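One-letter residues, chain by chain:
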Amino acid sequence: MKKITTLMAGSVSYLLSIRTYGILLILILAMALLSPSLVPIAYLIMLYIGTYGLEAYEEKNGAAYYYGMLPVGRRQVVAAKYMLAICEIVLGLLIGSVSYTVHRTPDIGMQLALLAATGCLFTAVMMPFMLLLGGTKARFVVLFLYIGALSLTGIVKQDAATFAAFAPPAWMLVAAGAALIALSWILSAACYARMECKN
């Protein structure tokens, strides 16, 4: 576990060392806190930066060779990336809960459950492509997923009453998202480990 947390800390430090990303994250936080209607957009931008953006920069700078020099296995690298993504989802939900509470947004539980499910779906589908294809080759897939996630949140926002009437309970949305993350993690770890054996 210590090796995984070390990898996570290294990734966070690297991300924050990029000045542009640091400024963008501050702007995202301000967006979310100023208006609850901007929370889903800010949340997805943060996920995009913290997962795909980080992977793209690491790939550009040869992070795979760096990982190969460390006393860690491929499964631990995958675990670090998924755990970091989960931490980003939780952070986004905390920011969203503060914004929704301050602005007295109705049905906060369902709003947060939808954010959690969207973030889990985005991460669960994107991560295997990103790990197996690399940031450069997977960029169009990630962009398509990002646009799809934004569109989904926009559609739900426009017709929130209809969604609330037919949506499953909030806990079920969260459970489904967690299950997707778990399945994606298992698949990515297995495939990424085989790639190491081939190489």
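Since the model is a prediction, treat every value here as computed from it, not as a measurement.

Colleague: Looking at this structure, how should I read helix H2 (residues 19-34)?
Modeller: Every α-helix carries 3.6 residues per turn, so stepping three or four residues along brings you back to the same face. Its 16 residues give H2 an end-to-end C-alpha distance of 23 Å, which sits within 8% of 22 Å, the value for a rise of 1.5 Å per residue. Those residues of H2 that fall on the buried side of the exposure criterion are Tyr21, Gly22, Ile28 and Ala32. One side of H2 carries all its buried residues, which in axial view fall inside an arc of 120°. Within H2, the exposed residues directed more than 90 degrees away from the buried face are Arg19, Thr20, Ile26 and Leu34.

Colleague: I'm lost on the environment of Gly119 in this one. Help?
Modeller: Here Gly119 lies in helix H6 (residues 108-133). On the accessibility criterion, Gly119 (0% relative accessible area) is buried. Filtering out sequence-adjacent residues up to four positions away, Gly119 remains in contact with Tyr43, Leu47 and Ile89.

Colleague: It is not clear to me how a nonpolar patch on the surface should be interpreted in this structure. Could you clarify?
Modeller: A surface patch of nonpolar side chains, about 440 Å² in accessible area, is lined by Leu121, Val125, Phe129, Leu132, Leu133 and Leu180. The leading source of residues in the nonpolar patch is H6, at five residues. Mapped onto the elements of the fold, Phe129 is located in helix H6. Phe129 gets classed as partly exposed once you look at its relative accessible area, which sits at 36%.

Colleague: Whenever I open this one, empty space enclosed by the protein confuses me. Can you help?
Modeller: Empty space left among the atoms is revealed by rolling a probe the size of a water molecule over them. A full pass over the atoms with the stated rule returns two cavities of 30 Å³ or more. Estimates place the volume of the largest cavity at around 120 Å³. What lines the largest cavity is a set of 14 residues, among which Ser11, Leu54, Ala80, Lys81 and Leu84 lie closest to the centre. Looking at the lining of the largest cavity, the elements with two or more residues in it are helix H1 (2-17), helix H3 (39-60), helix H5 (74-102) and H6. Its residues assigned to classes, the lining of the largest cavity comprises nine nonpolar, three polar and two charged. Space inside the second largest cavity adds up to approximately 50 Å³. Taken together, Ile28, Leu29, Ala32, Val39, Ala42, Tyr43, Met46, Gly92, Ile95 and Gly96 make up the full set of residues lining the second largest cavity. When contributions to the lining of the second largest cavity are tallied by element, the ones reaching two or more residues are H2, H3 and H5. Ranked by residues supplied to the lining of the second largest cavity, first place goes to H3 with four residues. Among the residues forming the lining of the second largest cavity, the class breakdown is eight nonpolar, two polar and no charged.

Colleague: It is not clear to me how the packing of H5 against H6 should be interpreted in this structure. Could you clarify?
Modeller: Between two packed helices, the angle of one axis relative to the other and the distance separating the axes together describe the packing. The contact between H5 and H6 brings their axes to 10 Å, and the two run at 155°. Taken together, the axis directions place H5 and H6 in an arrangement best described as roughly antiparallel. For H5 against H6, the interelement crossing comes out right-handed. Of H6, the residues touching H5 (which contributes Val78, Lys81, Tyr82, Ala85, Ile89, Leu93, Gly96, Ser97, Tyr100 and Thr101) are Ile108, Gln111, Leu112, Leu115, Ala116, Gly119, Cys120, Thr123, Met127, Pro128 and Leu131. A class-by-class count of the residues in the contact of H5 with H6 yields 14 nonpolar, six polar and one charged.

Colleague: What exactly am I supposed to notice about the environment of Phe129 here?
Modeller: Separated by 59 residues in the primary sequence, Phe129 and Ser188 have C-alpha atoms spaced 8.6 Å apart. Excluding residues that lie within four positions of it along the chain, Phe129 makes contacts with Gly134, Ala138 and Val141.

Colleague: Mind showing me how you'd approach the packing of aromatic side chains here?
Modeller: Pairs of aromatic rings are described using the distance from one ring centre to the other and the angle between the two planes. Enumeration over the complete set of coordinates arrives at one aromatic pair. Taking the centre distance of 5.5 Å and the plane angle of 10° together, the rings of Tyr82 and Trp185 count as stacked. In this pair, Tyr82 is assigned in helix H5 and Trp185 in helix H9 (residues 170-198), connecting sequence segments 103 residues apart. When its relative accessible area of 0% is taken as the criterion, Tyr82 is described as buried. On the accessibility criterion, Trp185 (25% relative accessible area) is partly exposed.

Reading the values: rules and limits
- Residues numbered from 1 in each chain as written.
- Predicted model: local features only at pLDDT ≥ 70, side-chain atom pairs only at ≥ 80, totals over all residues.
- Heavy atoms only, no water.
- Helix = DSSP H or I, 4+ residues; strand = E, 2+ residues; numbered from the N terminus.
- Expected span 1.5 Å × (residues − 1).
- Buried < 20%, exposed > 50% of the residue type's maximum accessible area, 1.4 Å probe, protein only.
- Arc of directions from axis to C-beta.
- Contact = heavy atoms within 4.5 Å.
- Patch = residues over 30% accessible without salt bridge, like charges linked within 9 Å, V, L, I, M, F, W, Y side chains within 5 Å.
- Areas by Shrake-Rupley, 256 points an atom, 1.4 Å probe, with all protein chains shown as cover.
- Salt bridge = Lys/Arg side-chain N within 4 Å of Asp/Glu carboxyl O.
- 1 Å grid on protein atoms, 1.4 Å probe; cavity = no way out; pocket = protein on both sides within 12 Å on 5 of 7 lines; lining within 4 Å.
- Points joined across faces, edges and corners; volume = space filled by probe spheres on them.
- Nonpolar A, V, L, I, M, F, W, Y, C, P; charged D, E, K, R; others polar.
- Axes fitted to C-alpha atoms, helices over the stretch in contact; angles between N-to-C directions.
- Parallel < 35°, antiparallel > 145°, perpendicular 65-115°, else oblique.
- Left-handed = near helix turned anticlockwise from the far one by under 90°.
- Phe/Tyr/Trp six-rings, centres within 6.5 Å; stacked < 30°, edge-to-face > 60°.

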